[in-house]
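Residues per chain are reported as follows:
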Amino acid sequence: MQDLTEGILELLRLTSTDLPPDVEAALHEAMQQEEPGSAARGALETILENVELSRKNSTPICQDTGTPIFYVYHPAGWSTQALRRQIEAAVVQATQKSYLRPNSVDSLNGKNSGNNLGGHYFPTVHFQEVDGETLTIELMLKGGGSENCGAQYSLPHTALGAGRDLAGVRKAVLDGAYQAQGQGCAPGILGVAIGGDRGSAFFTSKEVLFRKLDEPNPDPQLNELEARLTSEINQLGIGPMGFGGKTTVLGVKIDSLHRLPACYFVTMSYMCWAYRRRKMTVAGDQVKYE
Amino acid sequence: MVELSIPLSDEAIRSLKVGDTVALSGVMITGRDTVHKWMVDTFIKKTRPPQGDDLEVYNAIKPLLHSSVIYHCGPVVAGLDTRQYKFVAAGPTTSIREEPYQGAVMDHFKVKGVIGKGGMGPKTLKACQDVPGVYLHAIGGAASLIAQTVKRVLSVYKYEFGVPEAMWVIEVKDFPAVVTMDAHGHSLHAEVEAHSKAVLQDLLTRPLESIPK
């Protein structure tokens with residue numbers, strides 16, 4: 001079995017320091033829509049300048065390099081135990097090289113482990129066996145400020161008048177976006193899971209964020225709801241950084257899960273504008289990044 | 001663009017209004033969740049007796065904080081092994097988590113500026129009127145850019161809180177921020193929230209027309 005530690009370190013560097021092209025393009029478009037001289041426009045100009053500087057200097061776009069969340073899709077025959085050890089080794093090295101901030105804190109004694117390791121979920125690694133010969137690793141760095149803006153609604157929700165249907169889902173997501181204000185570093189991207197149990201729904205609300213911003217939802221109903229919610233949330237006028245303005249979210253991504261008869265959850269993860277997600281593929285000795 | 005130098009005078013603070021962009025220069029201290037809780041528990045509410053180097057640190061930071069600025073920031077710092085510290089990435093963290101503490105800390109230490117992101121609530125707004133002080137909003141996530149305005153790391157206190165939570169004493173030049181809460185009781189965050197709430201109420205009354213139930 002190959003040792004991928006070096007390749008994963010590069011994946012971590014790339015993810016932390018270079019924003020994906022679809023996100024940068026969306027931020028650029030958002031900037032052009034704000035009034036020249038407004039605080040919203042100024043914020044987006046600063047954001048784009050920072051994105052460029054981070055790429056040039058190979059320094060973290062945001063100091064909160066978040067929870068490293070890995071999804072590993074491996075052909076048969078790979079040892080997931082060995083892969084996990086390689087991921088952990090790469091995370092430690094990335095921390096030493098200042099691509100990652102030491103972010104893993106023991107909740108009981110408050111001690112920071114200093115190397116971004118800590119228990120089974122830090123870093124978080126999901127494994128899935130796939131057909132074919134190509135191994136794919138997707139990485140998301142999910143910051144804490146935006147994570148605090150995540151929410152889960154159990155429908156029906158009386159105060160919102162939200163029932164157990166897509167109309168109710170829409171109301172819950174609108175409320176979630178309003179509650180977040182600019183706290184999650186707007187303009188954000190909402191990952192939404194309909195259904196599931198509380199746990200599977202939160203995982204799904206992040207998995208859906210691996211989709212590209214311009215990727216249409218395969219389900220026509222959800223595709224329409226994504227577009228509608230994006231437009232309506234932007235009418236809230238919260239704007240970049242919560243300064244007021246036209247762009248509050250860059251997009252909404254929705255997935256649906258089977259649920260128990262008794263439960264109908266609408267679960268939202270808020271991703272900040274520093275939407276750090278990257279992918280590496282390994283086919284033989286060929287390693288590619290996108 | 002208003003150029004501000006630390007230490008900040010009351011006059012300079014009172015002249016600032018919501019919406020002003022500022023470039024801040026001088027010596028400030030980073031402090032976030034653990035620091036604010038530690039300050040309030042140990043020195044303000046005194047629910048926990050000082051331990052270890054607590055008093056020594058208190059005496060060192062007191063003059064540094066007077067008429068100065070607390071920056072809600074957990075930086076990425078290079079040179080940890082050699083102690084030749086350099087800020088690599090240093091954007092603001094979300095400020096609202098310090099709302100239970102901030103007003104008391106501003107009042108106790110006479111802190112005249114708080115830098116963070118996302119804004120703060122009524123207790124901090126009142127402290128801004130009383131001390132007087134301002135809340136300065138930095139651009140969240142603009143970490144590489146802001147790190148370039150940090151010219152020197154002068155010292156670090158409470159390193160054992162961890163790199164993101166320690167108090168880093170830094171010298172900045174032309175640190176960019178926007179005044180979003182001023183000493184006259186105005187808050188951009190309260191305005192934006194009120195506006196968005198009215199829009200939300202209206203949207204919630206609209207049917208889902210085209211999408212089948």
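Bear in mind that the values here come from a model prediction, so they are computed numbers and not experimental data.

S.K.: Explain the overall build of chain A residue by residue, including any values.
M.R.: In terms of helices and strands, chain A carries 8 helices and 9 strands. In terms of overall size, chain A behaves like a compact globule, its C-alpha atoms giving a radius of gyration of 19 Å where 290 residues would be expected to give roughly 19 Å. If you line up chain A on its principal axes, its C-alpha atoms span 55 × 50 × 45 Å. Across the 290 residues in chain A, those meeting the buried criterion constitute 60%. Restricting the contact set of chain A to residue pairs at least 6 apart, pairs at least 24 apart contribute 79%. The average position of the 26 basic charges and that of the 33 acidic charges among the side chains of chain A differ by 4 Å.

S.K.: I'd like to hear about the state of the cysteines, residue by residue, with values.
M.R.: Disulfide: a covalent bond connecting the sulfur atoms of a pair of cysteines. Using the criterion set out here, one finds 0 disulfides over all chains in the structure. Here B:Cys73 is not disulfide-linked; the sulfur of A:Cys62 is the nearest cysteine sulfur, at 9.2 Å. Considering cysteine sulfurs only, B:Cys73 is the nearest to B:Cys128, which forms no disulfide, with 19 Å between them. A relative accessible area of 1% places B:Cys128 in the buried class.

S.K.: Residue-level account of the packing of helix H2 (residues 33-44) of chain B against helix H3 (residues 54-65) of chain B, with values.
M.R.: Residues and elements named next belong to chain B. Taken N-terminus to C-terminus, the directions of H2 and H3 make an angle of 110°; their axes are 12 Å apart at the nearest point. Taken together, H2 and H3 sit at an angle that is classed as roughly perpendicular. Residues Trp38, Met39, Thr42 and Phe43 of H2 form the contact with H3, whose participating residues are Asp54, Leu55, Val57, Tyr58, Ile61 and Leu65. Looking at the contact of H2 with H3 residue by residue, the classes come out as 8 nonpolar, 1 polar and 1 charged.

S.K.: Outline the layout of surface pockets, supporting the account with residue identities and numerical values.
M.R.: Residue and element names in this part refer to chain A. Roughly 850 Å³ of volume is contained in the largest pocket. Around the largest pocket, the lining is made up of 44 residues, and of these Asp64, Thr67, Lys142, Gly143 and Gly144 lie nearest the centre. Broken down by secondary-structure element, the contributors of at least two residues to the lining of the largest pocket are strand S1 (67-74), strand S2 (124-129), helix H5 (144-147) and helix H7 (198-207). Looking at the lining of the largest pocket residue by residue, the class counts come to 16 nonpolar, 17 polar and 11 charged. Two domains each provide a minimum of three residues to the lining of the largest pocket, namely domain 1 (5-15 + 61-143 + 276-289) and domain 2 (145-271). When its volume is computed, the second largest pocket comes out at roughly 460 Å³. In terms of lining, the second largest pocket is formed by 22 residues, of which the most central are Ala26, Leu213, Thr230, Leu250 and Gly251. Broken down by secondary-structure element, the contributors of at least two residues to the lining of the second largest pocket are helix H2 (21-33), helix H8 (220-235) and strand S6 (249-256). At 6 residues, H8 tops the list of elements feeding residues into the lining of the second largest pocket.

S.K.: Tell me what's going on with the nonpolar core, and back it up with residues and numbers.
M.R.: One finds A:Leu190, A:Ile233, A:Trp273, B:Leu24, B:Met28 and B:Phe175 to be the most contacted residues of the largest nonpolar core, which totals 102 residues. Looking at this core, the element that brings in the most residues is helix H6 (residues 166-180) of chain A, giving 9 residues. If you count residues domain by domain, this core takes at least three from each of domain 1 (5-15 + 61-143 + 276-289) and domain 2 (145-271) of chain A. Beyond its immediate sequence surroundings of up to four residues, A:Leu190 is in contact with A:Val173, A:Ala177, A:Leu209, A:Ile233, A:Val249, A:Gly251, A:Val252, A:Lys253, A:Met268, A:Ser269 and A:Tyr270. By size, the runner-up hydrophobic cluster in this structure holds 27 residues, among which are B:Met39, B:Val57, B:Ala127 and B:Phe161.

S.K.: Could you give an account of the side chain of A:Thr65, naming the residues involved and the relevant values?
M.R.: Residue and element names in this part refer to chain A. Within the element layout of this structure, threonine 65 appears in the loop between helix H3 (39-57) and S1. Residue classification places threonine 65 among the buried positions, given a relative accessible area of 1%. Beyond its immediate sequence surroundings of up to four residues, threonine 65 is in contact with Ser16, Pro60, Tyr99, Leu100, Arg101, Asn103, Leu141 and Arg276.

S.K.: Kindly report on the sheet that holds strand S5 (residues 188-194) of chain A, identifying the contributing residues and their values.
M.R.: Residue and element names in this part refer to chain A. Across the sheet, 4 strands lie side by side as S4-S7-S5-S6; this open sheet has mixed pairing. In this open sheet, the two strands that pair with only one neighbour each are strand S4 (151-154) and S6. Here the strands of the sheet are splayed against their neighbours by 15° on average, with no regard to which way each runs. Sheet topology places S4 next to strand S7 (residues 265-271); 4 bridges connect them, and they run antiparallel. What sits directly across from alanine 151, in S7, is methionine 268. Docked against the sheet, H8 engages S5 and S6, running at close to 145° with respect to S6.

S.K.: Run through the pairing of strand S2 (residues 21-30) of chain B, naming residues and quoting values.
M.R.: Residue and element names in this part refer to chain B. For S2, the buried fraction is high: 8 of the 10 residues fall into the buried class. Judged from the 4 bridges that link them, strand S1 (residues 2-5) and S2 form a sheet pairing that is parallel. Paired with valine 2 across the bridge in S2 is valine 22. Here S2 pairs with strand S9 (residues 167-181) via 8 bridges, running antiparallel. Bridge pairing in S9 links threonine 21 to valine 178.

S.K.: Any chance you could break down the pattern of salt bridges for me, citing the residues and the numbers?
M.R.: All names here are of chain B. For the coordinates displayed, the defined rule picks out 29 salt bridges over all chains. Two residues, aspartate 54 and lysine 158, come together in a salt bridge whose shortest N-O distance is 2.6 Å. With aspartate 54 in helix H3 and lysine 158 in the loop between strand S8 (150-157) and S9, the pair connects residues that are 104 residues apart, well separated along the chain. In this structure aspartate 54 comes out as buried when scored by relative accessible area, which is 1%.

S.K.: Go over the interface of chain A and chain B with me, naming the residues and quoting the values.
M.R.: In many reports, interface size means the accessible area that the parts give up when they come together. Between chain A and chain B, the residue contacts involve 46 residues of the former and 50 residues of the latter. Around 4,000 Å² of area is buried between chain A and chain B when both sides are counted, 62% of it from carbon and sulfur atoms. Linking chain A with chain B are 19 residue pairs in polar contact (both at pLDDT 80 or more). Those elements giving two or more residues to the side of chain A that touches chain B turn out to be H3, H6 and H8 of chain A. For the side of chain A that touches chain B, the element with the most residues is H3(A), which contributes 8 residues. Residue composition of the side of chain A that touches chain B, grouped by class: 19 nonpolar, 18 polar and 9 charged.

Analysis parameters
- Residues numbered from 1 in each chain as written.
- Chains lettered and ligands numbered in written order.
- Predicted model: local features only at pLDDT ≥ 70, side-chain atom pairs only at ≥ 80, totals over all residues.
- Heavy atoms only, no water.
- Helix = DSSP H or I, 4+ residues; strand = E, 2+ residues; numbered from the N terminus.
- Rg over C-alpha atoms; globule rule 2.2 N^0.38 Å.
- Buried < 20%, exposed > 50% of the residue type's maximum accessible area, 1.4 Å probe, protein only.
- Contact = heavy atoms within 4.5 Å.
- Lys, Arg positive; Asp, Glu negative; His and termini not counted.
- Charge placed at Lys NZ, Arg CZ, Asp CG, Glu CD.
- Disulfide = S-S within 2.5 Å.
- Axes fitted to C-alpha atoms, helices over the stretch in contact; angles between N-to-C directions.
- Parallel < 35°, antiparallel > 145°, perpendicular 65-115°, else oblique.
- Nonpolar A, V, L, I, M, F, W, Y, C, P; charged D, E, K, R; others polar.
- 1 Å grid on protein atoms, 1.4 Å probe; cavity = no way out; pocket = protein on both sides within 12 Å on 5 of 7 lines; lining within 4 Å.
- Points joined across faces, edges and corners; volume = space filled by probe spheres on them.
- Domains from an automatic or database assignment.
- Core = buried A, V, L, I, M, F, W, Y, C linked by side-chain atoms within 4.5 Å.
- Pairing = 2+ DSSP bridges.
- Salt bridge = Lys/Arg side-chain N within 4 Å of Asp/Glu carboxyl O.
- Buried area = accessible area lost by both parts, 1.4 Å probe.
- Polar contact = N/O pair within 3.5 Å; in protein donor to acceptor, adjacent residues only side chain to side chain.

Interpretation note: all reported values are geometric properties and have no functional meaning in isolation.
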